[in-house]
2 protein chains.
Amino acid sequence: MKLEQKPRILIVGLGLIGGSYAKALIKKGYSVSAIDSRQEAIDYAIKEHIIDKGAAFPDPALISEAQLIVFALYPKVFIDWIREYQQHFSPGTVLTDVTGVKGSVVYTVQEMLRPDVEFIPAHPMAGREVYGVENSDERIFREANYIVTPTERNTEEAILLCEELGRELGFARVSRLSPEKHDDMIGFLSQLTHCIAVTLMNCNDSPQLQDYTGDSFRDLTRIARINDKMWSELFMMNREALLKHMNAFSESFNDLRQMLENNDVDTMREAMRNATARRALFDKKVNE
Amino acid sequence: MKLEQKPRILIVGLGLIGGSYAKALIKKGYSVSAIDSRQEAIDYAIKEHIIDKGAAFPDPALISEAQLIVFALYPKVFIDWIREYQQHFSPGTVLTDVTGVKGSVVYTVQEMLRPDVEFIPAHPMAGREVYGVENSDERIFREANYIVTPTERNTEEAILLCEELGRELGFARVSRLSPEKHDDMIGFLSQLTHCIAVTLMNCNDSPQLQDYTGDSFRDLTRIARINDKMWSELFMMNREALLKHMNAFSESFNDLRQMLENNDVDTMREAMRNATARRALFDKKVNE
């Protein structure tokens, strides 16, 4: 299968990300359908011409006519969905997903999957602090990373198709990582930062603080507005990697605390200079 | 003294903040002079009409003709400056500052100060990650807080003058706090967040990370680009309050870690919901 042949695309889970996929793809001329448990999401998407058609239940007709299916569901719901409805896939269908953790999802799904379809996992690293198809916007992909995380079970053809899908969606950067490397990276860059933001909001309940908040504190806690169902699931599914990163952070934070306690200004300044130099590496990408 | 009488203003320390004060005040019709050890800063500011005149040394003539003096220096330099050059103040001069910690500066300066001048401390909570008068911009005050931190030695007249100065500079909000409450608040909102950003940059040196960084991580580490001389001084001068906040953060972070380790999803979700609800309080101000 090649994207230039414009395969019929089905999106399962029409929320913020699923809706943004639909918007990007229908503008590129694909036939796009959707399945979502919320009838209003389907109605809205049809009315706004984000999808061609849809259903608020796992409609066998929609599933079997799709050639490429994108799962934009919570991890556990995604796994259950595959178990229950994979009988309706047509042979040769390519499946992909948007799940934010890979190791504990990818192998489970590939293991249980029919041998005549292929699941090629991907993680579009984009999002907003709002939910639902009503807030979807394909422009959130523009400066973001799209990561394909293939396993030994995947064919090169499906990997290339999935990478092409990332470019078609408008992502700034499409890359390939093993599920394990992906989860280690995401445990640090995304999950640890959410843990820190949540902790910052929970460790001081002085009522005066909001009156004096500046940009630094707002920036560090923006992601403390967190969907507790989704994120607790993501944390639990990446428990080992996240615990490792939390421990490393705690240790380094405690080192800094010790410098302060010991009046060790020289070592503190060295830690600050090191942080400043390393942070510059993370700036560059913005200006590329 | 009242601001409407347009007192002659001297700014000592013409960096980013001092320069931004100068720009704001000269536009409002004040006579503004400056003292800075960098001759280029003075030359630049005169050429750009940011100040009327200036000197690259503590010029007794400039000091004695000033009616209101703003010190925009590092804490220790500020204290030393007062000790060495206060002989040149004219009687009745009002002094203020921009120092980011108060307790360990304010009392020291007020204690050593001539009885015929008054020091009314203030903290303009604004900044950028760039330095120098060349980057100064009075618009950084527009959405920011200006906090006056008077002590028992201050007169109500000087406090009101200083609050008026904050409004004249264009700050969104002018308020009054004791030096101790100020330092406690700043230890949490500003210093703890800088500690976290520095730690995030120092606790994982994997070379791949910058390729996958998204907005969350960039937001949490923007302030890791830190002036090590200034911030180590600020940390050391607010050591007790900062240690207290670092301990509270560590404890709460460890609680979250423990929930993950114990697979205690219910408590984790409660912590997330609590953080989400509390973060909403910090949003409101932006929309006000």
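Note that the coordinates shown come from a computational prediction; the quantities given were computed from them, not determined experimentally. (Residues numbered from 1 in each chain as written. Chains lettered and ligands numbered in written order. Predicted model: local features only at pLDDT ≥ 70, side-chain atom pairs only at ≥ 80, totals over all residues. Heavy atoms only, no water.)

Would you mind showing me how to read the sheet that holds strand 8 (residues 145–148) of chain A here?
Strand pairs in the sheet, formed through backbone hydrogen bonds, run parallel or antiparallel to each other. Residues and elements named next belong to chain A. One open sheet accounts for 3 strands, arranged 7-8-9; its pairing is mixed. Of all the strands in the sheet, the pair left with one neighbour each is strand 7 (122–125) and strand 9 (173–176). Averaged over all neighbouring strand pairs, the angle between strand axes comes to 15°, with direction disregarded. Looking at chain direction, strand 7 and strand 8 are connected through 4 bridges and run antiparallel. Across the sheet, the residue bridging to alanine 122 is valine 148, located in strand 8. Contacting strand 7 and strand 8, helix 7 (residues 179–202) runs over the sheet at an angle of about 25° to strand 7. (Pairing = 2+ DSSP bridges. Helix = DSSP H or I, 4+ residues; strand = E, 2+ residues; numbered from the N terminus. Axes fitted to C-alpha atoms, helices over the stretch in contact; angles between N-to-C directions. Contact = heavy atoms within 4.5 Å.)

Quick question: what am I supposed to make of the pattern of salt bridges here?
It is possible for side chains of opposite charge to pair when their charged atoms get near one another. All names here are of chain A. One pass over the structure, following the stated rule, counts 40 salt bridges over all chains. The partner of arginine 176 in a salt bridge is glutamate 156, and the shortest N-O contact between them spans 3.2 Å. Of this pair, arginine 176 sits in strand 9 while glutamate 156 sits in helix 6 (residues 156–168); the two residues are 20 residues apart in sequence, bridging distant segments of the chain. Classification of arginine 176 as partly exposed rests on a relative accessible area of 37%. The closest approach of N and O atoms between lysine 229 and glutamate 233, which form a salt bridge, is 3.7 Å. Note that lysine 229 and glutamate 233 are positioned in helix 10 (residues 228–237) at a spacing of 4 residues, about one turn of the helix. Assessed through its relative accessible area of 37%, lysine 229 is described here as partly exposed. (Salt bridge = Lys/Arg side-chain N within 4 Å of Asp/Glu carboxyl O. Buried < 20%, exposed > 50% of the residue type's maximum accessible area, 1.4 Å probe, protein only.)

I keep staring at the interface of chain A and chain B and nothing clicks. Help me out?
A common way to report how large an interface is uses the accessible area buried once the components associate. Taken together, the contact pairs 82 residues of chain A with 82 residues of chain B. Summing both sides of the interface, chain A and chain B together bury roughly 8500 Å²; the carbon and sulfur share of this comes to 65%. Broken down residue by residue, the surface that chain A buries against chain B is led by A:Tyr212, A:Phe253 and A:Arg279, which jointly contribute 9%. Where chain A packs against chain B, one counts 6 salt bridges. With a closest N to O distance of 2.7 Å, B:Arg269 and A:Asp228 form a salt bridge. Along the contact surface separating chain A from chain B lie 38 residue pairs in polar contact (both at pLDDT 80 or more). Looking at the side of chain A that touches chain B, the elements that each hand over two or more residues are strand 8, strand 9, helix 7, helix 8 (209–212), helix 9 (215–221), helix 10, helix 11 (239–261) and helix 12 (265–287) of chain A. With 17 residues, the single largest contributor to the side of chain A that touches chain B is helix 12 of chain A. Of the residues assigned to the side of chain A that touches chain B, the class counts are 40 nonpolar, 21 polar and 21 charged. (Buried area = accessible area lost by both parts, 1.4 Å probe. Polar contact = N/O pair within 3.5 Å; in protein donor to acceptor, adjacent residues only side chain to side chain. Nonpolar A, V, L, I, M, F, W, Y, C, P; charged D, E, K, R; others polar.)

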